[in-house]
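Chain residues, written in single-letter form:
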Amino acid sequence: MPWFVKIERGIIHKAVFDQHVPAHVDYVKNLIAQGHQARSGYWAERGGGMLLFQAASMAEAAAIVQADPLIQNECVEYELHEWCIVVE
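Residues numbered from 1 in each chain as written. Predicted model: local features only at pLDDT ≥ 70, side-chain atom pairs only at ≥ 80, totals over all residues. Heavy atoms only, no water.

## Brief notes about the packing of aromatic side chains
This is how it is decided: Pairing of aromatic rings covers Phe, Tyr and Trp, the last through its six-membered ring, and needs centres within 6.5 Å; plane angles under 30 degrees mean stacked, over 60 mean edge-to-face, and all others mean tilted. Strands are runs of DSSP state E lasting at least two residues, helices are runs of H or I lasting at least four, and both sets are numbered from the N terminus onward. Residue burial is assigned from relative accessible area. The probe radius is 1.4 Å, only protein chains are included, and a residue is buried under 20% of its type maximum, exposed over 50%, and partly exposed in between.
Following the criterion strictly, the structure yields two aromatic pairs and no others. Note on Trp3 and Trp83: the rings are 6.5 Å apart at their centroids and 80 degrees apart in plane angle, and the pair reads as edge-to-face. Of this pair, Trp3 sits in strand S1 (residues 3-10) while Trp83 sits in strand S4 (residues 76-83), and the two are 80 residues apart along the sequence. A residue is classified by how much of its surface remains accessible, and Trp3, at 18% relative accessible area, is buried. On the basis of relative accessibility, which here comes to 44%, the residue Trp83 falls in the partly exposed class.

Next comes the structure, spelled out in structure tokens:
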């Protein structure tokens with residue numbers, strides 16, 4: 001399955017953002033359980049992060065991103081890209 005990356009930047013106050021983090025964590029754990037090999041994290045300097053995951057197509061990847069609580073609650077702006085692995 002191809003890899004995809006959602007690169008995100010927070011757009012709301014951190015206290016509000018943090019209210020949605022537990023739902024996001026549960027969401028990512030569910031993606032892992034479904035076989036999407038998801039990994040999520042934030043930049044050390046804060047203000048943004050990344051979700052790396054596998055999906056069958058760009059359409060499926062876009063649907064996965066739209067179901068993320070951080071997107072549904074308008075916590076972040078994001079870019080979605082297919083990631084082409086060169087070396088493993």
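Next, the rest of the story.
## Things to note about the side chain of Lys6
What counts is decided by this rule: Between N or O atoms, a polar contact is any pair within 3.5 Å; within protein, one atom must be a potential hydrogen donor and the other a potential acceptor, and residues adjacent in sequence are included only when both atoms are from side chains. Any two residues having at least one pair of non-hydrogen atoms within 4.5 Å are treated as being in contact.
Along the chain, Lys6 falls in strand S1. A polar contact of 2.6 Å, which involves the side chain of Lys6, links it to the side chain of Glu8. A polar contact of 2.7 Å, which involves the side chain of Lys6, links it to the side chain of Asp68. Among residues more than four places away in sequence, those in contact with Lys6 are Gly49, Met50, Leu51, Val65, Asp68, Ile71, Tyr78, Glu79 and Leu80.

Interpretation note: all reported values are geometric properties and have no functional meaning in isolation.
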